[in-house]
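For reference, the chains in residue letters:
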Amino acid sequence: MAEVKERARVSDSAPQPQVVIDPTREPIVVVDDLHIVYRVYGAGGGKGTAATALMRVLRRQNRPQMKEVHAVRGVSFVAYRGDAIGVIGTNGSGKSTLLKAIAGLLPPARGGVYTQGQPSLLGVNAALMRELSGERNIVLGCLAMGLTPEETRAKYDEIVKFADLKPGFIQYPMSTYSSGMGARLRFAIAAARTHDVLLIDEALATGDAKFKRRSKAKINELRKDAGAVFLVAHNLDQVEETCNRVIWLDEGRIRMDGDTKEVIAAYTEATGK
Ligand SMILES: Nc1ncnc2c1ncn2[C@@H]1O[C@H](COP(=O)(O)OP(=O)(O)OP(=O)(O)O)[C@@H](O)[C@H]1O
């Protein structure tokens with residue numbers, strides 16, 4: 001496994017660490033001074049009671065106030081071919097936002113994301129159709145990922161086997177699945193093809209121990225062909241087992257980026273988790 005150069009730990013107020021470029025490896029994702037800002041309309045206008053609404057009318061504030069949430073604040077790093085990067089941090093530190101931005105689902109307020117190839121975001125909320133059967137979702141999911149009908153047919157059995165649903169469930173609507181079953185099927189579909197950049201957001205959190213073991217093996221397999229894999233997870237064991245590098249986000253900024261064991265040790269010490 002290629003060595004990832006480590007960056008120094010920084011305090012909250014200090015500027016974020018310099019990006020260390022490794023010219024011997026092929027860059028797959030370049031994130032350059034990325035800022036993501038959400039705009040929340042209606043925020044800051046009190047508790048939304050009739051009285052506050054009346055005040056707004058009297059003050060001729062027709063539009064509710066808008067609040068900005070600066071979720072990612074100047075994040076920069078380079079992910080190289082073969083990297084499996086765990087993204088960790090406390091609730092609200094910006095992990096999911098960073099993944100969505102890499103997937104191209106959120107426009108940067110400043111800076112940019114450059115990827116080699118097409119990023120695929122595999123999240124617990126991945127867009128499968130709840131009212132359709134698992135069977136139909138496999139076919140639609142594969143076609144949506146760009147597989148041909150022949151490739152879809154060839155992959156079908158492997159997907160069903162990997163999802164390992166209870167007998168018969170593959171013909172039932174996904175609305176009848178437990179959250180764990182849905183997550184397994186989504187993961188199985190996404191794992192059916194190789195991805196240039198694979199982004200996994202807590203997808204494995206709902207699986208049982210056996211599924212977690214199998215999905216870890218699958219991620220390692222995907223890693224061989226993928227450009228880079230990103231994994232957001234609260235379960236540090238899972239990150240430790242799967243990733244060769246970890247980015248620790250703190251209030252939208254990179255606190256540390258480097259070797260998995262060292263970053264997790266520093267994070268555990270700082271947060272007591
Ligand atoms: N759609 C949204 N609109 C407004 N603010 C948002 C939205 N999504 C996230 N945020 C805010 O952006 C910040 C980062 O959220 P994000 O979900 O990226 O954090 P996270 O590290 O993934 O959190 P968690 O561990 O709880 O999943 C938080 O302050 C959150 O409240």
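Being a predicted model, the structure only gives us computed values, none of them experimental. (Residues numbered from 1 in each chain as written. Predicted model: local features only at pLDDT ≥ 70, side-chain atom pairs only at ≥ 80, totals over all residues. Heavy atoms only, no water.)

Engineer: A description of the sheet that holds strand 1 (residues 27-41) should follow, citing residues and the corresponding values.
Structural biologist: If you walk across this open sheet you meet the three strands as 2-1-4, and the pairing is antiparallel. Each edge of the open sheet is held by one strand with a lone partner, namely strand 2 (66-80) and strand 4 (110-115). Along the sheet, successive strands turn relative to each other by an average axial angle of 25°, direction set aside. As paired elements, strand 1 and strand 4 share five bridges and run antiparallel to each other. Residue pairing for strand 4: valine 30 is matched across the bridge by tyrosine 114. Sheet contacts for helix 2 (residues 95-102): strand 1, strand 2 and strand 4; angle to strand 1, the most-contacted strand, approximately 115°. (Pairing = 2+ DSSP bridges. Helix = DSSP H or I, 4+ residues; strand = E, 2+ residues; numbered from the N terminus. Axes fitted to C-alpha atoms, helices over the stretch in contact; angles between N-to-C directions. Contact = heavy atoms within 4.5 Å.)

Engineer: Explain helix 5 (residues 179-190) to me, using residue names and the numbers behind them.
Structural biologist: In an α-helix there are 3.6 residues to a turn, and that puts residues three or four apart on one side. Counted at 1.5 Å a residue, the expected span for helix 5 with its twelve residues is 16 Å, and the 16 Å between its end C-alpha atoms agrees. In terms of burial, helix 5 is largely enclosed, as eleven of its twelve residues are buried. Within helix 5, the full set of buried residues consists of Gly180, Met181, Gly182, Ala183, Arg184, Leu185, Arg186, Phe187, Ala188, Ile189 and Ala190. (Expected span 1.5 Å × (residues − 1). Buried < 20%, exposed > 50% of the residue type's maximum accessible area, 1.4 Å probe, protein only.)

Engineer: Break down unusual backbone geometry for me, citing the residues and quoting the values.
Structural biologist: The phi dihedral of aspartate 164 falls on the positive side, at around 50°, and the residue is not glycine. Take aspartate 164: it is sitting in the loop between helix 4 (149-163) and helix 5. Although it is not a glycine, glutamate 251 sits at a positive phi angle of roughly 50°. With a relative accessible area of 55%, glutamate 251 lands in the exposed category.

Engineer: Pulling in residues and values, what's your account of the site of the ligand?
Structural biologist: Around the ligand, a shell composed of 13 residues is seen, among which Asn91, Gly92, Lys95, Thr97 and His234 lie nearest. Side-chain polar atom of lysine 95 to an oxygen atom of the ligand: 2.7 Å apart, as the coordinates give it. Here threonine 97 contributes a side-chain N or O atom positioned 2.4 Å from an oxygen atom of the ligand. When the ligand is considered free in solution it has 640 Å² of accessible area, and contact with the protein chains removes 61% of it. At the level of secondary structure, the elements contributing two or more residues to the shell around the ligand comprise strand 1, strand 2 and helix 2. Considering every element that reaches the shell around the ligand, the biggest residue donor is helix 2, with three residues. Partitioning the shell around the ligand into residue classes produces four nonpolar, eight polar and one charged. (Near = heavy atom within 4 Å. Polar contact = N/O pair within 3.5 Å; in protein donor to acceptor, adjacent residues only side chain to side chain. Areas by Shrake-Rupley, 256 points an atom, 1.4 Å probe, with all protein chains shown as cover. Nonpolar A, V, L, I, M, F, W, Y, C, P; charged D, E, K, R; others polar.)

Engineer: Explain the nonpolar core to me, and be specific about the residues and the numbers.
Structural biologist: Core analysis: the largest hydrophobic core is formed by 44 residues, its most contacted members being Ile88, Ile138, Ile159, Tyr177, Leu185, Phe187 and Ile200. Counting residues per element, this core draws most heavily on helix 5, which supplies six residues. Among residues more than four places away in sequence, those in contact with isoleucine 200 are Leu99, Leu122, Phe187, Ile219, Val229, Phe230, Leu231 and Val232. The next biggest cluster of nonpolar side chains, apart from the first, holds 25 residues, and it includes Leu34, Ile85, Ala103 and Phe230. (Core = buried A, V, L, I, M, F, W, Y, C linked by side-chain atoms within 4.5 Å.)

Engineer: Would you mind going over the side chain of lysine 95 in detail, with residue names and values included?
Structural biologist: One can find lysine 95 in helix 2. Leave out the neighbours within four places in its chain, and lysine 95 touches Val87, Ile88, Gly89, Thr90, Val232, His234 and Leu249.

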